[in-house]
Amino acid sequence: MSAPDEPRPAKLLESFLLALVALLAHAPLYYQLPRWGNGLDPTFVHPTWFELSPFPCLLYMAAVHPAVWLALIAILFLRVCRNFGWKLAPSCR
């Protein structure tokens, strides 16, 4: 068993996949955040857009509220940091 002070080995494959998922989670935000900032419904996607879009998967992702995507990105970022042995510590005053 390793001592608690030893850093864990970096999990490169898991971190790469987490970063890839986080980048994919940014895709619907490019559509949603400007709408949300203007006071419009960020989850509205016109039904005909699904038929005409070459990537309907991204439009289905836009039906999820942007707060969910932002929370997912934050959780994934914290997990990647933990994989590399970085820990969030309170600031020293």
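What counts and how
- Residues numbered from 1 in each chain as written.
- Predicted model: local features only at pLDDT ≥ 70, side-chain atom pairs only at ≥ 80, totals over all residues.
- Heavy atoms only, no water.
- Phe/Tyr/Trp six-rings, centres within 6.5 Å; stacked < 30°, edge-to-face > 60°.
- Helix = DSSP H or I, 4+ residues; strand = E, 2+ residues; numbered from the N terminus.
- Buried < 20%, exposed > 50% of the residue type's maximum accessible area, 1.4 Å probe, protein only.
- Expected span 1.5 Å × (residues − 1).
- Bend = angle between axes of the 7 residues up to and from the residue.
- Contact = heavy atoms within 4.5 Å.
- Core = buried A, V, L, I, M, F, W, Y, C linked by side-chain atoms within 4.5 Å.
- Polar contact = N/O pair within 3.5 Å; in protein donor to acceptor, adjacent residues only side chain to side chain.

## Describing the packing of aromatic side chains
Right, on to step 1. For the structure shown, the criterion picks out two aromatic pairs.
Right, on to step 2. Aromatic pair phenylalanine 50 and tyrosine 60: ring centres 4.5 Å apart, planes at 25 degrees, arrangement stacked. With a gap of ten residues between them, phenylalanine 50 in helix α2 (residues 47-52) and tyrosine 60 in helix α3 (residues 56-61) connect regions that are remote in the sequence.
Right, on to step 3. Looking at phenylalanine 50, the relative accessible area reads 22%, which means it is partly exposed.

## Some details on helix α1 (residues 12-37)
Right, on to step 1. In this model α1 runs 36 Å from its N-terminal to its C-terminal C-alpha over 26 residues, within 8% of the 38 Å that 1.5 Å per residue would give.
Right, on to step 2. At leucine 29, α1 shows its largest kink, close to 40 degrees.
Right, on to step 3. Along α1, the residues classified as buried are Ser15, Leu18, Ala22, Ala25, Pro28, Leu29, Gln32 and Arg35.
Right, on to step 4. Each element contacted by the buried residues of α1 is listed here: α3 and α4 (66-83).
Right, on to step 5. One or two positions beyond α1, positive phi appears at glycine 39, with a value near 85 degrees.

## Some remarks on the nonpolar core
Right, on to step 1. Counting five residues, the largest nonpolar core is built from Ala25, Leu29, Met61, Trp69 and Ile73.
Right, on to step 2. For this core, the elements supplying multiple residues, two or more each, are α1 and α4.
Right, on to step 3. Beyond its immediate chain neighbours, meaning those up to four positions away, leucine 29 contacts Pro34, Pro66, Trp69, Leu70 and Ile73.

## Some remarks on α4
Right, on to step 1. In this model α4 runs 26 Å from its N-terminal to its C-terminal C-alpha over 18 residues, within 8% of the 26 Å that 1.5 Å per residue would give.
Right, on to step 2. Of the surrounding secondary structure, the elements contacted by the buried residues of α4 are α1 and α3.
Right, on to step 3. Looking one or two residues past α4, glycine 85 carries a phi angle of roughly 85 degrees, positive in sign.

## Details of the side chain of serine 15
Right, on to step 1. Positionally, serine 15 belongs in helix α1.
Right, on to step 2. Note on serine 15: relative accessible area 6%, which makes it buried.
Right, on to step 3. A distance of 3.3 Å separates the side chain of serine 15 from the side chain of asparagine 83, its partner in a polar contact.
Right, on to step 4. Once residues lying within four places of it in the same chain are set aside, the contact partners of serine 15 are Val80, Asn83 and Phe84.

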